[in-house]
Amino acid sequence: MVLLQNLINALQWGSFYALIALGYSMVYSILMLFNFAHGDIFMVGAYIGFGVASALIALTTMGAFALPNWLILVLTIIFSMFLTSFVGMIVERVGYRPLRAAPRASAAITGLMIGIILETGNLALLGAQRVSFPSMVDTTTYDLGGVFVTNKKIMIVVVSLLLAAALHQFIRRTRYGMAMRAMAFDYVVVPLMGVPLNTMAAMTFALGSALAAAAGILFGVAYPVLDPYMGILIGWKAFVAAILGGRGSIMGATLAGFLLGFIEIFVAMIFPSTLRDLIAYSIVLLILVFRPHGFFGEAYSARLRL
Amino acid sequence: MKKGVLLAGVIICIAVVAAFYACGPKGPETIKIGINAPITGDIPKVGEGTKYAAEMWLEDINAAGGLEVGGKKYKVELVIEDNESKAESAVAVTTKMITEDGVLAIVGPQASKQAIPAGGKANELETPMISPWSTNPDTTKDRPYVFRGCFLDPFQGPVVANFVRDEFGFTKAAVLYDVASDYPKGLAEFFKEAWEKINGPGSVVAFESFTTKDTDFSSQLTKIINSGAEVLFTPQYYNEVALIVQQAHQLGWDKPIVGSDSWGSAETVQLCGKDCYGLFFSTHYAAAGATGATKEFIDRYNAKYGYVPDDVGALTWDSMRIVQQAIQDTGGLSGDIKKDRKAVRDAMAKIKEFDGITGKMTFTEEGDPIKCAVIVKISDTGEFEFYKSVCP
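All of these numbers come straight from a predicted model, not from anything done at the bench. (Residues numbered from 1 in each chain as written. Chains lettered and ligands numbered in written order. Predicted model: local features only at pLDDT ≥ 70, side-chain atom pairs only at ≥ 80, totals over all residues. Heavy atoms only, no water.)

### What to know about the pairing of strand β2 (residues 141–144) of chain A
In this structure, β2(A) lies alongside strand β3 (residues 147–150) of chain A, joined through 4 bridges in antiparallel fashion. Each bridged residue has a counterpart across the sheet, and for A:L144 the counterpart in β3(A) is A:V147. (Pairing = 2+ DSSP bridges. Helix = DSSP H or I, 4+ residues; strand = E, 2+ residues; numbered from the N terminus.)

### With respect to the state of the cysteines
Residues and elements named next belong to chain B. The final tally for this structure, using the stated rule, is 2 disulfides over all chains. Residue pairing for C272: its cysteine sulfur links by disulfide to C276, the two sulfurs lying 2.1 Å apart. An S-S torsion of about 85° defines the bridge between C272 and C276 as right-handed. Residue classification places C276 among the buried positions, given a relative accessible area of 0%. What pairs with C372 in a disulfide is C391, and their sulfur atoms sit 2.1 Å apart. Where C372 bonds to C391 through sulfur, the torsion about that S-S bond is close to 100°, and the disulfide is right-handed. Remark: C391 occurs in the segment after β16 (384–390) and C372 occurs in the loop between β14 (369–370) and β15 (373–378); sequence separation between them is 19 residues. We classify C391 as partly exposed; its relative accessible area is 46%. With cysteine numbering restricted to those in disulfides and following the sequence, chain B has the pairing 1-2, 3-4. C372 provides the cysteine sulfur closest to C150, a residue in no disulfide bond, and the two sulfurs are 14 Å apart. (Disulfide = S-S within 2.5 Å. Buried < 20%, exposed > 50% of the residue type's maximum accessible area, 1.4 Å probe, protein only.)

### Digging into the sheet that holds strand β13 (residues 359–363) of chain B
Strands sit in the order β12-β13-β14 (chain B) across an open sheet of 3 strands; the sheet is antiparallel. Edge positions in the sheet fall to β12 (353–356) and β14 of chain B, since each of these pairs with one other strand and no more.

### A short note on the sheet that holds strand β2 (residues 67–69) of chain B
All names here are of chain B. Spatially, β2-β3-β1-β4-β5-β6 is the arrangement adopted by the 6 strands of the open sheet, whose pairing is mixed. Single-partner strands in this sheet number two, and they are β2 and β6 (146–148). Along the sheet, successive strands turn relative to each other by an average axial angle of 30°, direction set aside. (Axes fitted to C-alpha atoms, helices over the stretch in contact; angles between N-to-C directions.)

### Notes on the pattern of salt bridges
Scanning all chains against the criterion turns up 23 salt bridges over all chains. The closest approach of N and O atoms between A:D277 and A:R276, which form a salt bridge, is 2.9 Å. According to the relative accessible area criterion, A:D277 is partly exposed, its value standing at 22%. Here B:E124 makes a salt bridge to B:K121, at a shortest N to O gap of 3.4 Å. (Salt bridge = Lys/Arg side-chain N within 4 Å of Asp/Glu carboxyl O.)

### Some points on the interface of chain B and chain A
Many structure descriptions define interface size as the accessible area lost when the parts assemble. In this assembly, 33 residues from chain B lie in contact with 32 residues from chain A. Taking both sides of the interface into account, the surface hidden between chain B and chain A amounts to around 2600 Å²; carbon and sulfur atoms contribute 52%. Where A:R276 meets B:D214, a salt bridge forms, and the shortest distance between an N and an O atom there is 2.9 Å. Seen at the junction of chain B and chain A, the total is 12 residue pairs in polar contact (both at pLDDT 80 or more). Of all the elements in the fold, those that place two or more residues in the side of chain B that touches chain A are α2 (44–63), β8 (204–210), α7 (218–225), α8 (238–250) and α9 (268–272) of chain B. When residues of the side of chain B that touches chain A are assigned to their parent elements, the largest contribution, 7 residues, is made by α8(B). Looking at side-chain class alone, the side of chain B that touches chain A contains 9 nonpolar, 15 polar and 9 charged residues. (Contact = heavy atoms within 4.5 Å. Buried area = accessible area lost by both parts, 1.4 Å probe. Polar contact = N/O pair within 3.5 Å; in protein donor to acceptor, adjacent residues only side chain to side chain. Nonpolar A, V, L, I, M, F, W, Y, C, P; charged D, E, K, R; others polar.)

### As for unusual backbone geometry
Residues and elements named next belong to chain B. The omega torsion of the bond from G108 to P109 falls at -5°, within 30 degrees of zero and hence cis. The residue P109 is located in the loop between β4 (105–107) and α4 (112–124) in this model. We note that E84 has phi near 55°; this positive angle belongs to a residue other than glycine. The exposure class of E84 is partly exposed, given its relative accessible area of 34%.

### Let's talk about the environment of A:I117
Residues and elements named next belong to chain A. The topology assignment puts I117 in helix α4 (residues 104–126). On the accessibility criterion, I117 (56% relative accessible area) is exposed. Distance from I117 to D40, taken between C-alpha atoms, is 9.3 Å for residues 77 residues apart in sequence.

### Some remarks on the packing of aromatic side chains
The tally for this structure, following the rule as stated, stands at 36 aromatic pairs over all chains. With centroids separated by 5.7 Å and ring planes inclined at 90°, the aromatic side chains of A:W13 and A:Y223 adopt a geometry described as edge-to-face. With A:W13 in helix α1 (residues 2–31) and A:Y223 in the loop between α7 (197–222) and β4 (225–226), this pair connects stretches of sequence that are 210 residues apart. The class of A:W13 is buried, set by a relative accessible area of 9%. Taking relative accessible area as the criterion, A:Y223 reaches 1% and is therefore assigned buried. Ring geometry for B:F163 versus B:F168: centroids 6.4 Å apart, planes at 75°, classification edge-to-face. On the basis of relative accessibility, which here comes to 28%, the residue B:F168 falls in the partly exposed class. (Phe/Tyr/Trp six-rings, centres within 6.5 Å; stacked < 30°, edge-to-face > 60°.)

### So, the pairing of β16(B)
All names here are of chain B. In this sheet, β16 lies alongside β15 in antiparallel orientation, the contact comprising 6 bridges. Each bridged residue has a counterpart across the sheet, and for V376 the counterpart in β16 is F386. Hairpin connection of β15 to β16: 5 residues between the antiparallel strands, including G382 at a positive phi of 85°.

### Some remarks on a nonpolar patch on the surface
A cluster of nonpolar side chains, namely A:F82, A:L83, A:F86, A:I90 and A:V94, defines an oily patch on the protein surface of about 510 Å² accessible area. On the basis of relative accessibility, which here comes to 52%, the residue A:I90 falls in the exposed class. (Patch = residues over 30% accessible without salt bridge, like charges linked within 9 Å, V, L, I, M, F, W, Y side chains within 5 Å. Areas by Shrake-Rupley, 256 points an atom, 1.4 Å probe, with all protein chains shown as cover.)

### A short note on the environment of B:N162
All names here are of chain B. With respect to the helices and strands, the residue N162 is situated in helix α5 (residues 153–168). Given a relative accessible area of 37%, N162 falls into the partly exposed group. Here the alpha-carbon distance between N162 and F191, two residues 29 residues apart in the chain, equals 9.7 Å.

And the structure:
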């Protein structure tokens, strides 16, 4: 019973790591750099989701149009993913494109600085007050013989898996996806063959940021207290998941995200919870010792793998 | 060569300006009081309450034309600094206020996580500091220069344990707390000790923890729910209270959840919503049903800032007035900041009985007040209702 309950807990918690890790992985495969501002883009996505949801709820209560609650949530996710993808493209244009020829370390530092700018910018804009994420759908708890599941938990896991699958299909089946894979193969030669590097870079950032926004809204649904620094810790941990999955691997990032969620939850189940992160991340370290390139990573290659 | 000259010039300029700044006019005409508050960070509402209460106090002083000490009127200035709710920033802020701003006394930090290290610094630099809200014993322990305006956790822990036992008759309790923060950690341990004293060893059936910034407590809560506990005690700050209570309910917990004075923020109910209705916590004062000077303070604060002040605001107000009384009790300031700080410290240690808006208090040798605690119930409309009073 406890095991089953924790399995559900872990599925929900892993969903966030998986969605955020995807963004890290994609950018790495195309541009060979980790976008360290990604955790903060997740935060911006959550706040944009908060704004969109509040606006939609306000319009509905004012009587501008009548929307059922679930539709408000769906629209919030779609609009916020769209808007946050622009944030991602701006970050790429302002922060990374001017530094494309610069040493990798400079570009990585840029990410950290953009992250701080996003955090403190939000702090200046909205203040340090915690924001309560609007509850668009009422929580229904189902009691399945001692195991408790809420409608929100089911939705979070289903939406995350759907998004990961959609991304997988996009990369495998579309022309843009093909271009991304080609670029991941060799980002010096492929642009010479007519694939526009800047467009591809912008698109990768847009996709990654849209996924981060979706993660942000789902996070707000599950843990309805937002603050400007909410993206730092989860961003780091998702970064661990991206490495664990194998740099540049879409499937790997998803699986590793869920795995990380499982490790964290089950370590806390078995051991005293005080030691949770200590033991959980020692396990991760141990995995990396034996598989230094992660689960789906290959040595000396950054190909975008499926 | 040219560059070198330029650089030297710049350095000399900076040195000269700095020297002027340091020896600048530091007349005894103004009294500076430092306010060390968490304006940003994890608990911004606490910082806001601190700032507002301090500014209201300053208003009164200004309205009276300054603070009268030994027959002379002084202008009072507040040095309000943000400690970002971090221990290291609180120490930096304390050092800056004492060495650069030349404050006579400091009010704050509020949370024990910041107050314990900052108190060490203030004591070392021999400047009186009073923390309005820090309930952990370590804040004032063996520190003659550090005081506080509230009761202590070794008192609060048993208060909560006894209340739960008397009210519900439970014998098995669970605790969930942040292991990386001094206040919840200390109080969780005091509660455990008190609970096991009443109900026998092993009666705390789950003692679970997490670290600051965690948002998912599902694993710990699953453990607690399956431990057979009848009540959950969680001495956390308002942002975590909302998450813990909601997640507990979603995981099927329908028994009481009890909290401590850190719940008493105006924002707890706002973030937590209906999930928190009907829960109990121990605190310093209850706004609903207040009388006399307490009511006067609440009404004034509410009219000025648009919400009922929480315990931090009330305790800060009391602490400001304790500082004021200590300064006035010195009988006159010499202008030598070091001597004056010592005089204020001595005067503060001599305050025997103080009639504050959070109750009457007497001070012990350690600089800790002895005062009553209040059990508050969150009503079905989300208001903090007085439930009962517990005195030492």
